[in-house]
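# Coordinate analysis (summary)
Single-letter residue listing:
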Amino acid sequence: MRLKGKVAIITGAAAGVPGEMMGIGGAAAWLFVREGATVVIGDINEKQGRRTVAKLRESGGEALFQHLDVTSEQGWQGVVRETASRYGKLDILVNNAGIGILATVEETTVELWDAHMNVHARGAFLGTKYAIPEVRKAGGGSIVNVSSIHGITGSPTLAAYHAAKGAVRIFTKAAAIQYAKDKIRVNSVHPGYTMTPMTEPGFSIPDVMKAVMGRIPLGRLAKPEEIAAGILYLASDESSYVTGAELVIDGGVTAQ
Ligand SMILES: NC(=O)c1ccc[n+]([C@@H]2O[C@H](COP(=O)([O-])OP(=O)(O)OC[C@H]3O[C@@H](n4cnc5c(N)ncnc54)[C@H](O)[C@@H]3O)[C@@H](O)[C@H]2O)c1
């Protein structure tokens, strides 16, 4: 019960139905509920999100689905308001929603650039901005931003995704410094290559898989639960002296 009594919002956590491929947010939702948290899932994938919430409830957990486009300021205001009025407070925010479309610099259109920056950078900014007053009222808490190893190093096939994840990484440190006085810790998680609904289409291309595997010292992809374990650590009071930090969970990729 590492999150007993805590109320958490996790974005992009729609893919969390047992027996189906889970996303990182979906896996985190299960860990959070298992550890005693109430979980509010905010996602644009309403059908999948509602199925996940139904399964979490069947397991005895308290969970709620909220339709949320993380790029929408009004959307964020509504979800934070609903969470606080229904559960009385907000302790934890996990900014996890994401998109990832392969395109080099020349292949990247302005629309694709904006889409990545909006979901990742603007999404984490708005979530943090609107969560802070509630987390402050709760006496402090934890914000976890899911960046990527691609927020730290480059790659041959992506451009906007790197820029957006790099923005999330450094935004995290600014927020950590500004809200340490309110006992609000803000950290980033940097997953390596993880099999999820988002990456499965790319990883099923044999050449892509071969190139990816060649870069991973531990010799295998991550499971979403292995990333969720890091998110849980940063969300819980076990990381009470950790803020502005980067938790890399990548099988050794960025150690090279
Ligand atoms: N899978 C990996 O290899 C990997 C590696 C590093 C970082 N990440 C990051 O981890 C996070 C989770 O990714 P995943 O691979 O588990 O994906 P996933 O398959 O769970 O899909 C991401 C989720 O985000 C939701 N989403 C997309 N746009 C949204 C929006 N505008 N508003 C609200 N929700 C939205 C989707 O509906 C989906 O449920 C992402 O931020 C991703 O960039 C993933």
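Residues numbered from 1 in each chain as written. Predicted model: local features only at pLDDT ≥ 70, side-chain atom pairs only at ≥ 80, totals over all residues. Heavy atoms only, no water.

### So, the overall build of the protein chain
Just so we agree on the cut-off: In this description a helix means any DSSP run of H or I spanning at least four residues, a strand means any run of E spanning at least two, and both kinds are numbered starting from the N terminus. Atoms considered for the radius of gyration are the C-alpha atoms alone. The globule rule reads 2.2 Å times the number of residues to the power 0.38. Only protein chains enter the accessibility calculation, which uses a 1.4 Å probe; a residue is then buried when its area is under 20% of its type maximum, exposed when over 50%, and partly exposed in between. The contact criterion used throughout is that any non-hydrogen atoms of two residues lie within 4.5 Å. Only the protein chains shown count as cover for residues, and the accessible areas themselves come from Shrake-Rupley with a 1.4 Å probe. Only four residue types enter the charge count: Lys and Arg as positive, Asp and Glu as negative, with His and the chain ends excluded. Charge coordinates come from a single atom per side chain, which is NZ of Lys, CZ of Arg, CG of Asp or CD of Glu.
The helix and strand inventory of the protein chain stands at 8 helices and 7 strands. A compact globule built from 256 residues would reach a C-alpha radius of gyration of about 18 Å, and the protein chain, at 17 Å, matches this within 12%. Across its three principal directions, the C-alpha atoms of the protein chain cover 50 × 40 × 35 Å. Taking all 256 residues of the protein chain together, the buried fraction comes to 51%. Look at the contacts in the protein chain between residues 6 or more apart in sequence, and 74% of them connect residues 24 or more apart. Surface summary for the protein chain: the accessible area is close to 11,500 Å², and the carbon and sulfur share equals 56%. When the 26 basic and 24 acidic side-chain charges of the protein chain are each reduced to a single mean position, those positions are 6 Å apart.

### Section: the nonpolar core
Stated formally: We call a set of buried Ala, Val, Leu, Ile, Met, Phe, Trp, Tyr and Cys residues a nonpolar core when their side-chain atoms join them within 4.5 Å.
Counting 32 residues, the largest nonpolar core has Ile10, Phe32, Val39, Ile41, Val94 and Ile231 as the members making the most contacts within it. For this core, the secondary structure elements donating two or more residues are strand S1 (7–11), helix H1 (24–34), strand S2 (38–43), helix H2 (46–58), strand S3 (63–67), strand S4 (92–95), strand S5 (141–146) and helix H8 (224–235). No other element matches H1, which puts 7 residues into this core. Setting aside residues up to four positions removed in sequence, Ile231 forms contacts with Ile24, Ala28, Phe32, Val94, Val144, Val146 and Val189. One finds Val70, Val80, Ala131 and Ile184 within the second-largest nonpolar core, a separate group that totals 24 residues.

### Side note on empty space enclosed by the protein
Applied cut-off: Lining residues are defined by having an atom within 4 Å of a point belonging to a cavity or pocket. Those points lie on a 1 Å grid over the protein atoms alone, cavities being sets where a 1.4 Å probe fits but cannot get out and pockets being open sets with protein on both sides within 12 Å along at least five of seven lines. Grid points are joined across faces, edges and corners, and a volume is the space filled by probe spheres set on the points.
Following the criterion strictly, the structure yields 1 cavity of 30 Å³ or more and no others. Its volume calculated, the largest cavity comes out at about 70 Å³. If you go around the largest cavity, you meet 13 residues; those closest to its centre are Asn95, Ala97, Val119, His120 and Ala124. Contributing elements (two or more residues each) for the lining of the largest cavity: helix H4 (110–137), S5 and helix H5 (160–179). Sorting elements by how many residues they give to the lining of the largest cavity places H4 first, with 4 residues.

### Section: the site of the ligand
Cut-off, in case you're wondering: Nearness of a residue to a molecule or strand requires only that one of the residue's heavy atoms be within 4 Å of it. Identification of polar contacts relies on pairs of N or O atoms within 3.5 Å, with a donor-acceptor requirement for protein atoms, meaning one able to donate a hydrogen and the other able to accept it, and with residues adjacent in sequence counted only if both atoms are side-chain atoms. For a cavity or pocket, the test is whether more than half of a molecule's atoms lie within 2 Å of its grid points; if they do, the molecule sits there. Residues were grouped as follows: Ala, Val, Leu, Ile, Met, Phe, Trp, Tyr, Cys and Pro as nonpolar; Asp, Glu, Lys and Arg as charged; and all remaining residues, including Gly, as polar.
As a structural note, the neighbourhood of the ligand is formed by 29 residues, with Ile24, Asp43, Asn96, Tyr161 and Thr196 the closest of them. A distance of 2.6 Å separates an oxygen atom of the ligand from a polar side-chain atom of Asp43. Contact distances for the ligand include 3.4 Å between an oxygen atom and a backbone N or O atom of Gly192. Taking 830 Å² as the accessible area of the ligand by itself, protein coverage stands at 92%. Judged by its atoms lying within 2 Å of the grid points, the ligand is housed in the largest pocket. The set of elements that each furnish at least two residues to the shell around the ligand consists of H4 and H5. Tallied by class, residues from the shell around the ligand come to 14 nonpolar, 12 polar and 3 charged.

### Things to note about the side chain of Ser142
Secondary-structure assignment places Ser142 in strand S5. Apart from residues lying up to four places away in sequence, Ser142 is in contact with Asp91, Ile92, Leu93, Val135, Arg185, Leu234 and Ala235.

### A few points about the packing of aromatic side chains
Formally: Aromatic rings from Phe, Tyr and Trp, taking only the six-membered ring of Trp, are treated as a pair when their centres fall within 6.5 Å; an angle between ring planes under 30 degrees marks them as stacked, one over 60 as edge-to-face, and anything in between as tilted.
According to the stated counting rule, one finds 2 aromatic pairs in the structure shown. Relative to Phe171, the ring of Phe125 lies with its centre 6.4 Å away and its plane at 85 degrees, an arrangement referred to as edge-to-face. Note that Phe125 is positioned in helix H4 and Phe171 in helix H5, a separation of 46 residues in sequence. On the basis of relative accessible area, Phe125 is assigned to the partly exposed category, the value being 38%. Judged by its relative accessible area of 23%, Phe171 is partly exposed. With a centroid separation of 6.3 Å and 70 degrees between ring planes, the pair formed by Tyr193 and Phe203 is classed as edge-to-face. On the criterion of sequence distance, the pair formed by Tyr193 in the loop between strand S6 (184–191) and helix H6 (200–203) and Phe203 in helix H6 is long-range, its members being 10 residues apart. For the residue pair Tyr193 and Phe203, the accessibility class agrees, reading buried in each case.

### Regarding the sheet that holds S4
Test applied: In this scheme, strands are said to pair when DSSP sees at least two bridges between them. Every angle, taken between N-to-C directions, lies between 0 and 180 degrees, and every axis is a line fitted to C-alpha atoms, over only the stretch in contact when it is a helix.
Across the sheet, which stays open at both edges, the 7 strands sit in the order S3-S2-S1-S4-S5-S6-S7 with parallel pairing between neighbours. Unpaired on one side and paired on the other, S3 and strand S7 (246–249) mark the two borders of the sheet. Across the sheet, the mean angle separating the axes of adjacent strands is 20 degrees when strand polarity is ignored. Pairing analysis gives 3 bridges linking S1 to S4, with the strands arranged parallel. Residue Ile10 lies in a different strand from S4, and its bridge partner there is Val94. The strands that helix H3 (residues 73–87) touches are S1, S2, S3 and S4; relative to S3, the one it contacts most, it runs at about 155 degrees.

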